[in-house]
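Close look at the chain arrangement
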Amino acid sequence: MKAIICTRYGPPEVLQLKEVEKPTPKNDEILVKVHATAVTASDSLMRRSDLPVMFSLMRRLGVGLLKPRKAITGFVLAGEVEAVGKDVKLFKKGDQIYGSAGLRMGAYAEYACLPEAQTLTGCLAIKPATLSYEEAAAVPYGAMIAMHFLNKGNVQRGQRVLVYGASGAIGTAAIQLAKFAGAEVTGVCSAANLALVKSLGADKVIDYTRDDSVNSLEQYDIVLDAVGKRKTSKLKVASQHTLAPGGKYLSVDRGAPRPRAQYLVQLKQLIEEGKFKAVIDRSYPLEQIAEAHRYVDQGHKKGNVVITVGVIRG
């Protein structure tokens, strides 16, 4: 099978398309024919070995200190179940699935073996019937992280929520999920992305590049920093001091959310009911994954960058 191999940390060029042996599922695993994956911010960080603060020493050892422990990387996928181990109960051959490979990775390939059980190595669920594989691959990363932090903040109907970094994979998901929860949502992004964020349901938008952007801040019950230490601005610093009494400041740099199958199931329902949509900036074929990483490294992607693997079928 074709796979993207990464044997050292470095620039996008360390990602090489190779022919490797097709994996065989263990008794508790499923073999997935991957139709689409995505280049997430975490994929970029992992390739550069620029791991976030939230990674413990054990996790750093798990992914590899001097070089990647897993030659085939890639966190998220959407595809079809090709085969199942004898102990698998949740999935059957032919199921269309989506989800996260977690720290097991392996999504940058035509086939991947994953455990059916939810673990630190990821989680899977039946993909939304209304989405193509490409669209489905654009959901798990940002949406599950956004859902984790909004649940942590216990967002309630009528609350005011500020999402800093509203145009990225996590931010575009957080805007939609906070609106679904009944919150009044303000999205912070650059001028180029104001229309996108507004179209996702934001009640208000703030262009953080404006000199007077700080004057647009109000009091918020929840402030979600969806970009972490990678980006900052005067407005971001000021937003930490705009909390209403009892308000919560949440950052993606604080805590390591675990992938949860229940999130995928909830998202499937929201998507099929038309209450959540995948946001795709660009799409590349697997053989152009280095170019996709170069684009993500720039830090300006809108939503998600998707990789198609083989022939995509809806």
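Structure report, in brief. Keep in mind that this is a model prediction, so the values were computed, not measured.

Packing of helix 1 (residues 41-48) against helix 9 (residues 289-297) brings their axes to within 10 Å, and their N-to-C directions diverge by 100°. In terms of their interaxial angle, helix 1 and helix 9 are classed as roughly perpendicular. Of helix 9, the residues touching helix 1 (which contributes Asp 43, Ser 44, Arg 47 and Arg 48) are His 293, Val 296 and Asp 297. Split by residue class, the contact of helix 1 with helix 9 holds one nonpolar, two polar and four charged.

Right, let's get into the state of the cysteines. Evaluation of the coordinates by the stated rule reveals zero disulfides. Cysteine Cys 113 is unpaired, with the sulfur of Cys 123 as its nearest cysteine sulfur at 17 Å.

What follows deals with the side chain of Asn 193. Within the fold, Asn 193 resides in the loop between strand 9 (184-189) and helix 6 (194-199). The contacts of Asn 193, once residues within four sequence positions are left out, are Ser 167 and Lys 302.

Before going further, it helps to spend a moment on the packing of helix 4 (residues 140-153) against helix 8 (residues 261-272). Between helix 4 and helix 8, the shortest axis-to-axis distance is 10 Å and the interhelical angle comes to 105°. One finds that helix 4 runs roughly perpendicular with respect to helix 8. Side by side, helix 4 and helix 8 meet where Pro 140, Ala 143, Met 144, Met 147, His 148 and Asn 151 of the first sit next to Tyr 263, Leu 264, Gln 266 and Leu 267 of the second. The class makeup of the residues in the contact of helix 4 with helix 8 is seven nonpolar, three polar and no charged.

Parameters at a glance
- Residues numbered from 1 in each chain as written.
- Predicted model: local features only at pLDDT ≥ 70, side-chain atom pairs only at ≥ 80, totals over all residues.
- Heavy atoms only, no water.
- Axes fitted to C-alpha atoms, helices over the stretch in contact; angles between N-to-C directions.
- Helix = DSSP H or I, 4+ residues; strand = E, 2+ residues; numbered from the N terminus.
- Parallel < 35°, antiparallel > 145°, perpendicular 65-115°, else oblique.
- Contact = heavy atoms within 4.5 Å.
- Nonpolar A, V, L, I, M, F, W, Y, C, P; charged D, E, K, R; others polar.
- Disulfide = S-S within 2.5 Å.

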